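# Architecture at a glance
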Amino acid sequence: MSVKQFAVLGAGVMGSGIAYQASLCGIPTRLVDLSDEALKRAERQITNLLQRQLERQRIDQVTLSRAQSCLVTQNDQAGFEQLDLLVEAVVESEQIKLAVLQQTERTLATDAVLTTNTSTISIDRLAGELERPERFCGLHFFNPVAQMQLVEVIQGTATSEQTLETCVEFALSLGKKPVVVRDCPGFLVNRVLFPYFHGFDLLVKEGVAIERIDSVMETFGWPMGPAYLADLIGMDVMVGADRVLQEGYPERMAHKEPSVFEKLLEVGQLGQKTGSGFYSYSQNEKGERLREPNVDLLSNWGSEVSSISDEDIFWRMMLPMLTESLRALDESVIKCSDDLQLAAALGLGFPQHQEGGLWGYIESIGRLRLQQLLARYSDLGGLYQYG
């Protein structure tokens, strides 16, 4: 089914980003929210995005005008019976999403596709309460939507092939790169990313300086180190996703004690959104963002461990990501290694100069070398064990 009428339910950061992208691509789009204030804020954000695109000569005035004419904001469900596809993008709460999805499904045509933009909640659990689970799946966009190319299309047990095809074609029509992922805790990107953060958590608790860890990983080619990335994501989001993964894979992802992310959340240090997290943030006279380690908080986790090498830091960070990637392939969470390559490049920012991507990097290490490395760190837990 081609999507000729589209709606986004929820005018927050993600919802407005999805609506912007769809209208920019010429798809008639309804952005729906109960709050007039949220809709006005979203309209301002979308207008500003379009204006910046025009100023940078990435679009012309005709395209801008078309995008504006394609977008309608509303605080009711008028016209829902005409929709081909709807993305629910309300708050990341299973109870709230389920209530919204059940109510919304009743307003749609029987052949319309209903999707959720969840990053963590089980598609099967949500689908289990719907009347047409075969017409339901996940469409996980990444923030910021306008810049991030990857879309995870999450296939539930009941999701039909026609629904999947519609969602894949829709993502392509938005200029995105879709990867079909079978429903599991964390889907693919977060499932592979959070073991990496698990390695970071262990190192920080041992007293390794966050700026040293960031430096080691950035030297490898990551666009930013794990501490800076966590600050960008936000501790509230980090902890929420981490709890889903701990519950889903307790044998290897559960923490013996609260993570450093939870400790920062407890004291309201959420990262960049609050001005401090692993780093403290400020601006100079030119308006450039400055950062320095949040010494007062980080000192609670011990002092620098001088005996650990940069090599140990690197492998303790990378091995959990590599082993979880292999498990995802073993379990057919994705169809092939090419999908892993694409998701790692576009969703994680895996350094592409390293053997051409994540899967190429795994193959370059080789199974024997990987087992030797895992044997060195196997006492650190299940994420350092495989095979």
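In short, a report on the structure.

Thresholds, definitions, all that
- Residues numbered from 1 in each chain as written.
- Predicted model: local features only at pLDDT ≥ 70, side-chain atom pairs only at ≥ 80, totals over all residues.
- Heavy atoms only, no water.
- Disulfide = S-S within 2.5 Å.
- Buried < 20%, exposed > 50% of the residue type's maximum accessible area, 1.4 Å probe, protein only.
- Helix = DSSP H or I, 4+ residues; strand = E, 2+ residues; numbered from the N terminus.
- Expected span 1.5 Å × (residues − 1).
- Arc of directions from axis to C-beta.
- Contact = heavy atoms within 4.5 Å.
- Salt bridge = Lys/Arg side-chain N within 4 Å of Asp/Glu carboxyl O.
- Pairing = 2+ DSSP bridges.
- Axes fitted to C-alpha atoms, helices over the stretch in contact; angles between N-to-C directions.
- Parallel < 35°, antiparallel > 145°, perpendicular 65-115°, else oblique.
- Left-handed = near helix turned anticlockwise from the far one by under 90°.
- Nonpolar A, V, L, I, M, F, W, Y, C, P; charged D, E, K, R; others polar.

### Notes on the state of the cysteines
Simply put, the disulfide is a covalent bond whose two ends are the sulfur atoms of two cysteines. Taken as a whole, this structure holds zero disulfides when the rule is applied. No disulfide involves Cys25; its sulfur sits 9.7 Å from that of Cys70, the nearest cysteine. Note on Cys25: relative accessible area 28%, which makes it partly exposed.

### Here's the deal with helix α6 (residues 161–173)
Counted at 1.5 Å a residue, the expected span for α6 with its 13 residues is 18 Å, and the 18 Å between its end C-alpha atoms agrees. Within α6 the residues assigned to the buried category are Thr163, Leu164, Thr166, Cys167, Phe170 and Ala171. Projected onto a plane normal to the axis of α6, the buried residues spread over an arc of 160° and lie on a single side. At its buried positions, α6 is contacted by β1 (6–9), β4 (85–88), β5 (113–116), β6 (136–141), β7 (150–155) and β8 (177–182). Gly175 lies just past α6 and shows a positive phi near 80°.

### Regarding the pattern of salt bridges
In the structure shown here, the tally under the stated rule is 16 salt bridges. In this structure, a network of salt bridges that share partners links the residues Arg191, Glu251, Arg252, Glu324, Arg327 and Glu331.

### A short note on helix α4 (residues 94–105)
The terminal C-alpha atoms of α4, which comprises twelve residues, lie 16 Å apart, in line with the 16 Å expected from a rise of 1.5 Å per residue. When α4 is considered as a whole, its buried residues turn out to be Lys97, Leu98, Leu101, Thr104 and Glu105. Projection of α4 onto a plane perpendicular to its axis shows the buried side chains occupying an angular sector of 140°, all on one side.

### Comments concerning the sheet that holds β5
Within the open sheet, the eight strands sit side by side as β3-β2-β1-β4-β5-β6-β7-β8. Their pairing is mixed. The sheet terminates laterally at β3 (71–74) and β8, the two strands that pair on one side only. Going across the sheet, the axis of each strand differs from the next one's by a mean of 25°, ignoring polarity. Of the pairings in the sheet, the one linking β7 to β8 comprises six bridges and is parallel in character. Bridge pairing in β8 links Val153 to Val180. Along the sheet, α4 makes contact with β1, β4, β5 and β6, crossing β5 at roughly 170°.

### A look at the packing of helix α7 (residues 189–205) against helix α8 (residues 210–220)
Interaxial distance between α7 and α8 falls to 10 Å at its minimum, and their mutual angle equals 140°. With respect to their mutual orientation, α7 and α8 come out oblique. The interaxial crossing formed by α7 with α8 has right-handed handedness. Together, Tyr196, Phe200, Leu203 and Val204 of α7 and Ile210, Ile213 and Met217 of α8 make up the contact between the two elements. Its residues placed into classes, the contact of α7 with α8 shows seven nonpolar, no polar and no charged.

### What about unusual backbone geometry?
Here the amide bond leading from Asn143 into Pro144 is cis, since omega sits at 0°, within 30 degrees of zero. Residue position: Pro144 is located in the loop between β6 and β7. A positive phi is found at Phe187, a non-glycine position, where the angle reads about 55°. Relative to the assigned elements, Phe187 resides in the loop between β8 and α7. Even without glycine at this site, Ser332 takes up a positive phi of about 60°. With respect to the helices and strands, Ser332 occurs in the loop between α14 (310–330) and α15 (337–348). By relative accessible area, which is 49% here, Ser332 ends up partly exposed.

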